Amino acid sequence: MSLIKNVTNTWSDPVALATDEIWQARWGSVFLTTTANPDPKDGFSLEQGQGVLIGAGTQVRYRKEGRVDAVIVHEAV
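Keep in mind that this is a model prediction, so the values were computed, not measured.

Confidence in the prediction of the protein chain, expressed as mean pLDDT, is 96, and 100% of residues score 70 or more. Looking over the protein chain, one finds the lowest element-wise mean pLDDT in strand E1 (residues 2–4), namely 95, and the highest in strand E6 (residues 51–54), namely 98.

Attention now moves to the pattern of salt bridges. Under the counting rule described, the total for this entry stands at two salt bridges. Across the salt bridge formed by Lys64 and Asp69, the nearest N and O atoms sit 4.0 Å from each other.

One pass over the structure, following the stated rule, counts one aromatic pair. Judged by centre distance (6.2 Å) and plane angle (40°), the ring pair of Trp23 and Tyr62 falls under tilted. With Trp23 in strand E3 (residues 21–27) and Tyr62 in strand E7 (residues 59–64), this residue pair connects regions lying 39 residues apart in the sequence. When sorted by exposure, Trp23 lands in the same class as Tyr62, which is buried. The ring of Trp11 carries Arg63 above its face, with NZ or CZ at 5.2 Å from the centroid.

Cut-offs and rules
Going along each chain's sequence as written, the residues are numbered from 1 onward. For a predicted model such as this one, the threshold for reporting local features is a pLDDT of at least 70, and the threshold for listing and counting side-chain atom pairs is 80 or more; totals across whole chains, interfaces and linings nevertheless cover every residue. The side-chain quantities take in all heavy atoms of the structure and omit both hydrogens and water. Values of pLDDT, the confidence the predictor places in each residue, fall between 0 and 100. Strands here mean DSSP runs of E at least two residues long; helices mean DSSP runs of H or I at least four residues long; both are numbered from the N terminus. Within this document, salt bridges are pairs made up of a side-chain nitrogen of Lys or Arg and a carboxyl oxygen of Asp or Glu, the two lying within 4 Å of each other. For Phe, Tyr and Trp, where Trp contributes only its six-membered ring, two rings pair if their centres lie within 6.5 Å, and the inter-plane angle classes them as stacked under 30 degrees, edge-to-face over 60, or tilted in between. Here the term buried applies to any residue with accessible area under 20% of the maximum for its type, exposed to any over 50%, and partly exposed to those in between, with areas from a 1.4 Å probe on protein chains only. The criterion is that NZ of a Lys, or CZ of an Arg, lies within 6 Å of the ring centre and within 35 degrees of the ring normal, and then a charge sits over that ring.

Set out below in structure tokens:
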């Protein structure tokens, strides 16, 4: 399991997935996208406690929404 604690309001660098992973908003609200060049409003929203399965071979970018700190956890399944 990996925790991402330095989530900002701008899109992260891509994270390439070697295996299927579950991504969850552990704290705060986050956006995730698999778009190569995401617009600032792209992505789908995860609220605290919500998660999603993302397939191997995908590149994921993330960002937080709002002023509240956000934490994301992701783990291979």
